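A look at the structure
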Amino acid sequence: MGATASKLPKDQLSEYQELTFLTKQEILLAHKRFNELLEREDRQQIGGSRVPMNKILTLPELKSNPFRRRICQVFSTSDLRDGSLSFEDFLDLLSAFSDSATLEIKSHYAFRIFDFDDDGTLDTGDLEKLVNCLTGEMDNTRLTSEEMKQLINNILEESDIDKDGTVNLSEFQHVISRSPDFVSSFKIVL
Amino acid sequence: MIVREAQGFVEKFEGALGKGKGRKLYAFKVMMAKKLIKFNRDFENFKTACIPWERKIKEVESHFGSSVASYFIFLRWMYGLNLVLFGFMFGLVIIPEVLMGLPQGSIPRKTVPRDEQDTAMDFSVLSEFGGYFRYSVIFYGYYNNQNTIGFLKFRLPLSYFLVGIGIFGYSLMVVIRTMARNANEGGDGADESEFTFCWKLFTSWDYLIGNPETADNKYASITTSFKESIVDEQENQKDENIHLRRFLRVLANVLITCSLGGSGYLIYFVVKRSQDYAKMDSSQLSWYQKNEVEFVMSLLGLVCPPLFETIAELEDYHPRIALKWQLARIFALFLGNLYTFLFALIDDVNEKLEKEKVIKNETIWALNQYYANYTLYHNVTQNIPLPEIAPADVIRGPCWETEVGIEFVKLTVSDIEVTYLTILIGDFMRALIVRFLNYCWCWDLEAGFPSYGEFDISGNVLGLIFNQGMIWMGTFYAPGLMGINILRLVSSMYLQCWAVMSSNVPHERVFKASRSNNFYMGILLLVLFLSLMPVVYTMMTMSPSFDCGPFSGREKMYDVVIETIQNLPPFMANIFTYASNPGLIISIVLLMVLAIYYLNTVSKAYQKANMDLKRKIQMQRDEEKNRRNNKDSTNQVMKDLEDLMPNKSLIPPPAAEEPEPLTQNPLTIEEWTDAPGREQVQKCSNTLVIET
């Protein structure tokens, strides 16, 4: 910690504690890591400045994540919709992915992350992009188009209760709430 | 900013809701509530800071995924449980005896006998927990049977007994509470095959992975699992050679039962032989002969699981089912071994009890001789003082409880040694060899045959559970065993974390650990019950040794509780007598059975209600869609049906969407008639009529 590092004032710290699911140590650690990502001259006013998306993606916790771009875009409150995160956005991100966040919060954010075209439902296009993200970038690991069609059919059969061809938020939450793995795997800890 | 304004507003108008006299009290209550919330939050912060090994586990998690880390979390949970149990044992049994009891060497049970004193400090004797270890607080035999000791009048025998029972009670409570919590979070009631594809898609990515190599592995395993599931769905029952498959499965099961029986017999044989060795002079036996039992048991635990896996290749099951069979078989193996060991021990104990009777007679005879001599010399027949023999020279009984305690401690120690050796040789040496010999070897060691090991989660978890079972069984007879276990868990955590990071590679197949979490808790619960039974059996049926331990001189061990109850003030004794009335106990048991039945029925009713609601949503959606698509024809159809007019057949067939819902819903007409909405019923029956 050099002389240029700014410390988080106490009242802000307690404010953040009330507004998020994070503990004090987690907020302080997040502050430190966010500081490191900022340019030198922005470090004094940590409240206002934004970190561009490509810098956020250098964090080791996000680097290997196939959904890293979507995560940045979902949590970003920037008007330019470029995926840049301010410190409060960053805290929102960590709070949603923390241990103490509830299932509803996690499933809500998961739905938004998976909704690639931001239309409020997961349709065939979203699901296809989702599968491609999960199977890696290389061609030999991708599914063939018949396999993809079969897979998406199976998924819609299992989860689409009202049979409208898309998965909406409540159907998604219904599926997720029965899953024993979701809460423990949907976690990012700094 | 908005938060600040809101906070300011709230603070300004806080007490204003309470009117008149109650205002101050209301404001006070609100302030206390806020302070309580703040206190809770600080306490939560403090608690998370106190959790040990958090960094370590997080590192393992980011490299290997949450399944491997779940083993370490389980280990940490075990450590917490054992720490509490150790606290009980240490604080309520060992410390009082050490501080307030008679010191070492003062009474016969606390002294090394004269003929063992030369060898008592030898390393070879100590490493088998003989010599000074045997006559120390670690084992049962050291404790004195005085009813109250020290100036605090601490009732040691009662405390020993209650701590013994309390250990099981506390463990039971904690295990069940953890199981309930897991079931709540995980929605354990869900059918596993209900949402396979969705879960694979939405929940299989582990967001804690931070290492690119692990991520690549994860991608590969997700792709493989997708492809497998797709193939599974498409593949119907393979009818070819079903007889051959059945025959092979029966053969495999027969082979495995034989090997299980063989291992059980081997253990029995070895324990019997070790009893014969114990009768021989110990200096003539080799190290192997002395430690044969532990050696054989550990060897069986190492060799049999891979053997089972090879035999299971004959069976050709789906990997998930094969894994379950494998776990069940390993469980049966460990259980069989443990129980055979116990039966052999019980035979041993009975023998010792016989020997004890002989020694008791000898002691009485010697005493009578002494009295006779004394009378002869001093012409006094009453109030003869007891003979003054040094504690080391008194004739001792064979103290079976200490023997049992020693066996358990030796077993635990040899288990620890075997585990550590396996980790060092099986994982670390292997990694070293693969890494360094690769430069000068013909084929690629890293990709080919030995390669780096994967972390065997299920084997390790089962090993941990069974060790805990042994600890539970042995603690009553060897209070120091708990301390040994604590040391083992701590060192095991560090050693295994280091070994995993340095010599293991991430799994190739994705392994769902959290579903298995309750599965492992269930096994732990079973093991708890199974280890409770021998202890309770010995407590109830066997009589304690007459000259060692806190229950010596009593008929049965639980007599100490009965004596204490009788000494209590009369009304409490009455309460206990009424409470142990069989009629009361039977009625309580009946009540609990009824409660279980009721809760079961209620849960079934909820499931049925769920299904009904789902069907309702589907039907409403169908109705809406049909209404949107062909309004007129629906109404027309409805009207015509009601009028029962013969020109029904002239109505054009419905649009393409209508038949789809029907084919996808495998419901019969009877079920449809139960559901609400007669319109739906009529519409559907009508479309069926038209189709046929």
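Residues numbered from 1 in each chain as written. Chains lettered and ligands numbered in written order. Predicted model: local features only at pLDDT ≥ 70, side-chain atom pairs only at ≥ 80, totals over all residues. Heavy atoms only, no water.

- Going by what an unreviewed UniProt entry lists, chain B is known as Transmembrane channel-like protein and is assigned to Pygocentrus nattereri.
- Looking at chain B in UniProt, the text filed under Subcellular location (unreviewed entry) is "Membrane". (UniProt positions renumbered as here; feature names shortened; annotations may be inferred.)

**Quick notes on the overall build of chain A**
- On a plain count of helices and strands, chain A comes out with 11 helices and 2 strands.
- Put simply, chain A runs from its N terminus to its C terminus through helices and strands in the order α-α-β-α-α-α-β-α-α-α-α-α-α.
- Here the contacts in chain A between residues at least 6 apart in sequence split such that 54% fall between residues at least 24 apart.
- Split by element, the accessible area of chain A, about 8900 Å² in all, is 49% carbon and sulfur. (Helix = DSSP H or I, 4+ residues; strand = E, 2+ residues; numbered from the N terminus. Contact = heavy atoms within 4.5 Å. Areas by Shrake-Rupley, 256 points an atom, 1.4 Å probe, with all protein chains shown as cover.)

**Here's the deal with the confidence of the model for chain B**
All names here are of chain B.
- Chain-level pLDDT for chain B is 77 on average; 81% of the residues reach the 70-or-more range.
- Here residues 648–692 is a poorly scored stretch, pLDDT under 50, and it has 43 contacts once near neighbours within four places are set aside; other chains count.
- Listed scores for the predicted complex are pTM 0.70 and ipTM 0.82. (pLDDT = per-residue confidence, 0-100.)

**Some words on helix H18 (residues 559–567) of chain B**
- When H18 of chain B is considered as a whole, its buried residues turn out to be Asp559, Val560 and Thr564 of chain B. Along the axis of H18 of chain B, the buried positions cluster into a sector of 140°, meaning they face one direction only. (Buried < 20%, exposed > 50% of the residue type's maximum accessible area, 1.4 Å probe, protein only. Arc of directions from axis to C-beta.)

**Comments concerning the UniProt feature "transmembrane region" (unreviewed entry) in chain B**
All names here are of chain B.
- Here the UniProt-annotated "transmembrane region" (unreviewed entry) positions come out as residues 77–102, 123–143, 158–176, 250–271, 326–346, 476–498, 519–537 and 575–599.
- Here residues 158–176 is 100% helix and 0% strand, with 27 Å between the C-alpha atoms at its ends.
- Regarding residues 250–271, the helix share stands at 100% and the strand share at 0%, and the terminal C-alpha atoms are separated by 32 Å.

**Re the side chain of Arg76 of chain B**
Residue and element names in this part refer to chain B.
- With respect to the helices and strands, the residue Arg76 is situated in helix H4 (residues 66–100).
- Of the polar contacts made by the side chain of Arg76, one reaches the side chain of Glu54; its length is 2.9 Å.
- Leaving out residues up to four positions away in the same chain, Arg76 has contacts with Ile51, Pro52, Trp53, Glu54, Ile57 and Met493. (Polar contact = N/O pair within 3.5 Å; in protein donor to acceptor, adjacent residues only side chain to side chain.)

**With respect to the packing of aromatic side chains**
- For the coordinates displayed, the defined rule picks out 40 aromatic pairs over all chains.
- A centroid spacing of 4.8 Å and a plane angle of 75° characterise the contact between Phe172 of chain A and Phe202 of chain B, whose relative ring orientation is edge-to-face. Taken together, the residues span two chains, with Phe172 of chain A in helix H10 (residues 169–177) and Phe202 of chain B in helix H8 (residues 196–203).
- Exposure remark for Phe172 of chain A: the relative accessible area of 0% places this residue in the buried category.
- Relative accessible area serves as the criterion here: at 2%, Phe202 of chain B is assigned to the buried category.
- Note on Tyr142 of chain B and Tyr143 of chain B: the rings are 6.2 Å apart at their centroids and 85° apart in plane angle, and the pair reads as edge-to-face. Of the two residues examined, Tyr142 of chain B and Tyr143 of chain B, each falls in the buried class.
- An aromatic cluster is present here, built from Phe67, Phe75, Phe97, Tyr109, Phe111, Phe114, Phe172, Phe182 and Phe186 of chain A together with Phe202 and Tyr207 of chain B joined pairwise through their rings.
- Lying across the ring of Phe116 of chain A, Arg70 of chain A places its NZ or CZ 5.8 Å from the centre. (Phe/Tyr/Trp six-rings, centres within 6.5 Å; stacked < 30°, edge-to-face > 60°. Lys NZ or Arg CZ within 6 Å of the ring centre and 35° of its normal.)

**Focus: the interface of chain A and chain B**
- Each partner contributes residues to the interface: chain A has 57 residues there, and chain B has 49 residues.
- Interface area for chain A against chain B, summed over the two sides, is near 5000 Å², with a carbon-plus-sulfur share of 60%.
- It is Leu134, Glu158 and Arg178 of chain A in chain A that bury the most area against chain B; as a group they hold 14% of the surface buried on that side.
- For the interface between chain A and chain B, the tally reads 0 salt bridges.
- Here chain A is connected to chain B by 4 residue pairs in polar contact (both at pLDDT 80 or more). (Buried area = accessible area lost by both parts, 1.4 Å probe. Salt bridge = Lys/Arg side-chain N within 4 Å of Asp/Glu carboxyl O.)

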